[in-house]
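Summary of structural features
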Amino acid sequence: MKIWRILKLVSVPIVCLAALLAFSGCEGTTDEESSGVDAYLAAHPYASASRDDPLPVVLALTPLQATASIIGQTIAFTASGGVGDYHWGVSDPADGSMESTGANQALYICLQVGNNDVIVQDDGGHFAAAHISPVVNTMTISPASVSLVGGARSVSLAVAGGTPPYAWTSGNTLLGTVSYDRSSSYVAAYTAVAGAYGVNVITVHDAENRIASAQITQTP
């Protein structure tokens, strides 16, 4: 009877130990599984990727330089980049104004020949600017002053500068007339009326409405 009790006391811990070992074997990682994980990690090492800082927003305007020579002249500008819509302006509203012609384009309108800046702003508060320089394209007539004396009745005139074609007019056709060929309108011929004396003014207009004049004095 005592021997049976001793066997029972010894068998209980053995059974528990066997159950514990069996349970551990189910949940543990075998050498084969461990080697597979190691192989994967070796082939796919973890690397912490660096984060690039975002590029700054760039608002661009073209052209950056332009010239204005006459009132009413228009110059096209194009904006690119930026954020949202574009808003146009000028530094000197007395010299020019802006007129939007599309999503990213606008026309500068010359109101007065002078220095000015075209400014564009986007919805994000970014700015870009272009400069407009004045160009004075003067015209002159040669000779600028003529005297027809002692029966002389004709003289040739030529214009320099401006933009062809040119149109010539006589201020007083009772004193003389001016003629020219439109294909070579930079030259003209003035013919005085016989026996007519006084001072006449000959005017030439170019294609952009510039004006130059010459004075003709007719004396006996």
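First, a word on what this report is: a plain description of the structure on this page. Being a predicted model, the structure only gives us computed values, none of them experimental.

The rules behind these values
Residues numbered from 1 in each chain as written. Predicted model: local features only at pLDDT ≥ 70, side-chain atom pairs only at ≥ 80, totals over all residues. Heavy atoms only, no water. Helix = DSSP H or I, 4+ residues; strand = E, 2+ residues; numbered from the N terminus. Buried < 20%, exposed > 50% of the residue type's maximum accessible area, 1.4 Å probe, protein only. Contact = heavy atoms within 4.5 Å. Areas by Shrake-Rupley, 256 points an atom, 1.4 Å probe, with all protein chains shown as cover. Pairing = 2+ DSSP bridges. Salt bridge = Lys/Arg side-chain N within 4 Å of Asp/Glu carboxyl O. Axes fitted to C-alpha atoms, helices over the stretch in contact; angles between N-to-C directions. Core = buried A, V, L, I, M, F, W, Y, C linked by side-chain atoms within 4.5 Å.

Some thoughts on the overall build of the protein
Broken down by element type, the protein carries 2 helices and 16 strands. Taking all 220 residues of the protein together, the buried fraction comes to 25%. Long-range pairs, those at least 24 residues apart, make up 52% of the contacts in the protein between residues at least 6 apart in sequence. By element, 60% of the accessible surface of the protein is carried by carbon and sulfur atoms, the whole surface being about 14,200 Å².

Some points on the pairing of strand β10 (residues 145–149)
Of the two faces of β10, the one lined by Val 146 and Leu 148 is fully buried and the one lined by Ser 145, Ser 147 and Val 149 carries no buried residue. Pairing between β10 and strand β16 (residues 211–219): 5 bridges, direction parallel. Bridge pairing links Val 146 to Ile 216 in β16.

Let's talk about the pattern of salt bridges
Evaluated as defined, the whole model comprises 2 salt bridges. Glu 208 is paired through a salt bridge with Arg 210; the nearest N and O atoms lie 2.8 Å apart. For Glu 208, a relative accessible area of 32% translates into the label partly exposed. Under the relative-accessibility criterion, Arg 210 is labelled buried at 11%. It is possible to trace a salt-bridge network through shared partners that takes in Asp 206, Glu 208 and Arg 210.

So, the sheet that holds strand β15 (residues 198–205)
In space, the 4 strands of this open sheet follow the order β10-β16-β15-β12, with mixed pairing throughout. The two strands at the open ends of the sheet, each matched to only one other strand, are β10 and β12 (167–170). Across the sheet, the axes of successive neighbouring strands diverge by a mean angle of 20°, strand direction being ignored. Here 8 bridges tie β15 to β16, and the two strands are oriented antiparallel to one another. Bridging across to β16, Val 204 finds its partner in Ala 212.

Some points on the nonpolar core
Counting 20 residues, the largest nonpolar core has Leu 157, Trp 168, Tyr 190 and Val 204 as its most contacted members. At the level of elements, β10, β11 (154–160), β14 (187–192), β15 and β16 are the ones that each hand at least two residues to this core. Leave out the neighbours within four places in its chain, and Leu 157 touches Ile 141, Ser 142, Pro 143, Val 146, Trp 168, Tyr 186, Val 187, Ala 188, Tyr 190 and Ile 202. Of all hydrophobic cores here, the second largest spans 19 residues; its members include Leu 59, Trp 88, Val 90 and Ala 106.

Remarks on the sheet that holds strand β6 (residues 105–110)
Two pairing modes exist for strands in a sheet, parallel and antiparallel, and in both the strands are linked by backbone hydrogen bonds. Across the sheet, 4 strands lie side by side as β1-β3-β6-β5; this open sheet has antiparallel pairing. Two strands lie at the open edges of the sheet, namely β1 (59–62) and β5 (96–100), each paired on one side alone. Taken pair by pair, the neighbouring strands of this sheet meet at an average axis angle of 25°, ignoring direction. Where β1 meets strand β3 (residues 74–81), 4 bridges bridge the pair, whose relative direction is antiparallel. Each bridged residue has a counterpart across the sheet, and for Thr 62 the counterpart in β3 is Thr 78.

Focus on the pairing of strand β7 (residues 116–122)
Only one face of β7 is covered, namely the face carrying Asn 116, Val 118, Val 120 and Asp 122; the face carrying Asp 117, Ile 119 and Gln 121 is uncovered. Strand direction decides the pairing type here: β7 and strand β8 (residues 127–134), joined by 6 bridges, are antiparallel. Within the sheet, the bridge partner assigned to Val 118 lies in β8 and is Ala 130. Counted between consecutive antiparallel strands, the loop separating β7 from β8 contains 4 residues, among which Gly 125 sits at a positive phi close to 85°.

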